[in-house]
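Now for the letters of each chain:
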Amino acid sequence: MASPSPTLRSSPLPSPAWQVRIPAVDGTVAGGGVALPGGTVLTCAHVVDAALLRPRRAGAPADGTALEVDVPGPCGFTRRTAHLIGEAWDAAGDTALLRLAPGAGADPEPARLLARMSRIERTGRPLPVRIRGHPSLLGDQAPHGLVAAAQVAGYGLFEGAAQLNLAADQPVRITQGFSGCGVRADDDGGVVGIVRSSLFGAGPGADGLLAAMTPVESIPSISHLVADAELAEAESFLGRTAFTGVLPAYRSATRERPLEAVGFRTALEAFDHLRELAPGTDGLPPEVVFAEEVAKLRPAARGPLRGYADSRGPEEVPGEALRRLRARPAPRPLAAARLEIVAEPLPGGRGPRYEVRSRLRAGGSSTPARTARVGEAELPGEALEIVREAELLLGRGPYPPPVPMTLDFYLPLPLLLSGGIAHWRVRTPASPHGERLGSAYRIVLHSYERSFAPHWSGARLRMRRRLERAAREGAGRLRGLPPAVPPGRAHDALADPRIAVCTVDTGADGAGAALALIAALEAGVPTLVWRIARPGAGPHRPGAARDGYRERRGGGGGKEPLLPWNGPPIFDKLFYRGDLSLSAAEIADLPRRLHEWRMESTDTDISDPMHTGHGDPFDIALLTDHAAPPAAAARRPAPAGSDVIPPPRAGRSGPAPAAPPPRPAPLPGAAPISAPDELLDSE
């Protein structure tokens, strides 16, 4: 008994409207052809020879030689007569052109020809394609033909031919009857060539797995139909443009996709990659968005780049979506990335355990959330592994350049009070010690309870009101809490809604740190700066005020105890001034200033009192809640360049600080005053 063989089924779909079937005079199938504008048909020269039952390479048939062609239609194939165009006969390239004679029914719909070989050669990525052929051995068993899946791997085999690779596990092979049939790209349905011939395999069952294709751009007689001047001009400019200079345009084109690491050298490489992606929700292909956004960043090339979109049909580039895109402002440069790490305490167990959730945000996009459950001892290692993965994703190499990254930790109070996060060490390639996390990255701490816990809703409301007031007035009041301040006095001292920054000095033993910190969080103060007391910490420099706090007369004529600016000097690195308020820009700049101070101090043992007497900057903790918690990530954030309180409006008394243009404060319950670094303006 013969061994069973795969069942070959004819596709239930009719043949493509542009593909014809060419029968031989003896009733068999000689091959196929591709309909072109003007009632012409492209096929192989040897298919014409087979249809006429004449020897191959016997010379060109006479001009106008007639042969039959089956044209697809709603009710199946219709037999038509075609005549050979003698001047287009190319025996070396194995191509021929036919012209359909007038007959019953309309001419077939012409195919859309695409020149794709240059991109395949440029990128080195094979092009997935489909070929619907008409195997002559099956006869009437496959009236609409069979579909074979393949990949165009680049030029090879014959002069001017490309290589077609078929998978060994698929049942349909390239056999007699596929010659002259169109090779259709999977991504956009354009015809990139016609099948020329199949090759015999080296082993059993390998026949038909390798074939030759004639690319449409290598056929001189149809060059006028393949040329895409607008695409060529766009590719020419993009090939001369460094990708690093148009990175904001790429982020704009991929804003609806998860964050991805890229290593393109030129804008053309990015363009090629985007052409393989599906259109966005507005129907615009991502490469069109990229070209349009590059045109905004490079006005000198606006004509060629916009000409590419204008040359596409409305079915490919929706006109209304294109108009909205062009009306949108130019994309802003990527300012920074934010890595959010949330440690949620888990109930039960012998020791503290946390569910760690993380998400990286950059360029208007974000990665899928990552979740892990760890104990307190494993938490530093898990966090550093998250940071390492974010580094790799952001492409820490020359293309694109390193993106500044802020680490946002949402931690419960016990972890906040520990103060050890800035001391965690990032692994380095050659040293087992590495670099302290606080000098490698800008770290911003957030209170997990205030961000997520339901019973902290009052503190969240007070914080939002303080932020709105600071946004209106362009500045916030500064208040200091002395060591071991009584809890009642701490709450009363921070009740003023104008206070936007609170400094907490924990004293020598840190006994009042927890109470003072909790009081500031409950009062809704958006920014807290405090010193973590450590055993053996370096003393203050001689002569620094420690026991009391001077009385300074603030706005409104009242007296308030404030942190003495000439001591302790550990805070002088962050702000040193006689005023009782900080501008919105200065408040927002505190995380950066703290980071720079730590970087400058990394090479020196600043905790050595004999060296500086300033204390260790890594024992300074900064908590700020200028941004919404990650739980609000589903709400589209208001566009912003960084986590800042909006600058003052016109009419503020006193000199206005240098800051970006003003932005109105949000209403309660609306989007946060500031949000994670965002590259794109929302539509």
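These figures come from a predicted structure and were not determined experimentally.

Visitor: Can you walk me through the overall build of the protein chain in this structure?
Guide: In terms of regular secondary structure, the protein chain is built from 18 helices and 27 strands. Taken over 683 residues, the protein chain has a buried fraction of 51%. In the protein chain, once contacts between residues fewer than 6 apart in sequence are set aside, the share between residues at least 24 apart is 65%. For the protein chain, the accessible area works out to roughly 30,400 Å², and carbon and sulfur atoms hold 55% of it.

Visitor: Would you explain the layout of surface pockets in this entry?
Guide: Take a probe with the size of a water molecule and roll it over the atoms, and the empty space left behind shows itself. In this model, the largest pocket occupies a volume close to 790 Å³. Along the walls of the largest pocket sit 31 residues, with Arg112, Leu114, Asp188, Arg312 and Glu316 positioned nearest its centre. Taken together, the elements giving at least two residues each to the lining of the largest pocket come down to helix 2 (117-123), helix 3 (223-226), helix 4 (229-239) and helix 7 (286-297). Here the lining of the largest pocket takes four residues from helix 4, the largest share from any one element.

Visitor: When you look at the confidence of the model for the protein chain in this model, what are you seeing that I'm missing?
Guide: Interpreting fine coordinate detail is not advised for predicted regions of low pLDDT. When pLDDT is averaged along the protein chain, the result is 77, and 75% of the positions lie at 70 or above. Taken element by element, the predicted model of the protein chain shows its lowest mean pLDDT in strand 24 (residues 551-553) (32) and its highest in strand 3 (residues 40-43) (95). Taken together, the stretch residues 536-569 has pLDDT below 50 and engages in 70 contacts with residues farther than four places along the chain or on a different chain. Note on residues 632-683: pLDDT under 50 across the span, and 128 contacts to partners over four residues away in sequence or across chains.

Visitor: For this particular structure, what's the right way to read empty space enclosed by the protein?
Guide: For the structure shown, the criterion picks out six cavities of 30 Å³ or more. Space inside the largest cavity adds up to approximately 120 Å³. Lining the largest cavity are 16 residues, and of these Ala422, Leu445, Arg598, Ile620 and Ala621 sit closest to its centre. Examining the composition of the lining of the largest cavity, we find that three residues originate from one element, strand 27 (residues 620-624), more than from any other. Looking at the lining of the largest cavity residue by residue, the classes come out as twelve nonpolar, two polar and two charged.

Visitor: I keep staring at the sheet that holds strand 11 (residues 191-199) and nothing clicks. Help me out?
Guide: Sheet strands pair via backbone hydrogen bonds, and the direction of the pair is either parallel or antiparallel. Taken together, six strands build a closed barrel; the order of strands is 7-8-9-12-11-10 and the barrel is antiparallel. Recorded for the sheet is a direction-independent mean angle of 45° between the axes of neighbouring strands. Where strand 7 (residues 127-133) lies against strand 10 (residues 182-185), three bridges are found, and the strand directions are antiparallel. Following the sheet pairing, Val129 is matched in strand 10 by Ala185.

Visitor: Looking at this model, I keep getting lost on the environment of Trp18. Mind explaining?
Guide: Tracing the chain through its elements places Trp18 in the segment before strand 1 (19-23). Distance in space between the C-alpha atoms of Trp18 and Pro72 is 7.9 Å, their sequence separation being 54 residues. Look past the residues within four positions of Trp18 in its chain and what remains in contact with it is Gly33, Val34, Ala35, Glu109, Pro110, Ala111, Gly182, Arg184 and Val191.

Visitor: Would you mind going over the packing of helix 6 (residues 267-274) against helix 7 with me for this structure?
Guide: Geometry of a packed helix pair, given as the angle between the helix axes and the separation of the axes. Interaxial distance between helix 6 and helix 7 falls to 8 Å at its minimum, and their mutual angle equals 150°. By the angle class used here, helix 6 and helix 7 are roughly antiparallel. Crossing of helix 6 against helix 7: the hand is right-handed. Of the residues in helix 7, those in contact with Ala267, Ala270, Phe271 and Leu274 of helix 6 are Pro286, Glu287, Phe290 and Ala291. Here the residues of the contact of helix 6 with helix 7 sort into seven nonpolar, no polar and one charged.

Visitor: For this particular structure, what's the right way to read the pattern of salt bridges?
Guide: Once their charged atoms are close, side chains differing in charge can pair, the charge on each being opposite to the other. Counted according to the given criterion, the structure contains 31 salt bridges. Across the salt bridge formed by Glu596 and Arg592, the nearest N and O atoms sit 2.5 Å from each other. Note that Glu596 and Arg592 are positioned in helix 18 (residues 590-601) at a spacing of four residues, about one turn of the helix. Take Glu596: its relative accessible area is 34%, and that puts it in the partly exposed class. Given a relative accessible area of 32%, Arg592 falls into the partly exposed group. Salt bridges sharing partners connect three or more residues here, namely Arg122, Glu235, Asp272 and Arg275.

Visitor: What exactly am I supposed to notice about unusual backbone geometry here?
Guide: As a rule of thumb, non-glycine residues mostly have phi less than zero, and peptide bonds are mostly trans rather than cis. A positive phi angle is found at Leu53, which is not glycine, with a value near 55°. Secondary-structure assignment places Leu53 in the loop between helix 1 (45-51) and strand 4 (66-73). In this model, Asp94 sits at a positive phi of 60°, which is unusual for a non-glycine residue. On the secondary structure map, Asp94 appears in the loop between strand 5 (76-84) and strand 6 (96-100).

Reading guide: rules and limits
- The residue count restarts for each chain, going from 1 along the sequence in the order it is written.
- Under the rules for a predicted model, residues below a pLDDT of 70 receive no local features and side-chain atom pairs below 80 are neither given nor counted, while totals for whole chains, interfaces and linings still include all residues.
- To obtain the side-chain values, all non-hydrogen atoms of the structure were included, while hydrogens and water were left out.
- Each helix corresponds to a stretch of at least 4 residues labelled H or I by DSSP, and each strand to a stretch of at least 2 residues labelled E; elements are numbered beginning at the N terminus.
- Think of it in three bands: with a 1.4 Å probe and only protein chains considered, a residue is buried below 20% of the maximum accessible area for its type, exposed above 50%, and partly exposed in between.
- Whether two residues are in contact is decided by their heavy atoms: any pair within 4.5 Å suffices.
- To be clear on the numbers: accessible area is Shrake-Rupley with a 1.4 Å probe, and residue cover counts the displayed protein chains and nothing else.
- The distinction between a cavity and a pocket rests on a 1 Å grid over the protein atoms alone: a 1.4 Å probe fits inside a cavity but cannot get out, while a pocket stays open yet meets protein on both sides within 12 Å along at least five of seven lines, and a residue with an atom within 4 Å of a point counts as lining.
- Grid points are joined across faces, edges and corners, and a volume is the space filled by probe spheres set on the points.
- The quantity known as pLDDT measures the predictor's confidence residue by residue, on a range of 0 to 100.
- Under the scheme applied here, ten amino acids are nonpolar (Ala, Val, Leu, Ile, Met, Phe, Trp, Tyr, Cys and Pro), four are charged (Asp, Glu, Lys and Arg), and all others, including Gly, are polar.
- A pair of strands is labelled paired if DSSP reports no fewer than 2 bridges between them.
- In this analysis an axis means a line fitted to C-alpha atoms, helices contributing only their contacting stretch, and an angle means the value between N-to-C directions, from 0 to 180 degrees.
- Angular relationships are summarised with four words: roughly parallel below 35 degrees, roughly antiparallel beyond 145, roughly perpendicular across 65 to 115, and oblique for the angles in between.
- By definition, any crossing whose near helix is turned counterclockwise from its far helix by less than a right angle is left-handed, and any crossing with a clockwise turn is right-handed.
- Salt bridge, as used here, is a side-chain nitrogen of Lys or Arg placed within 4 Å of a carboxyl oxygen of Asp or Glu.

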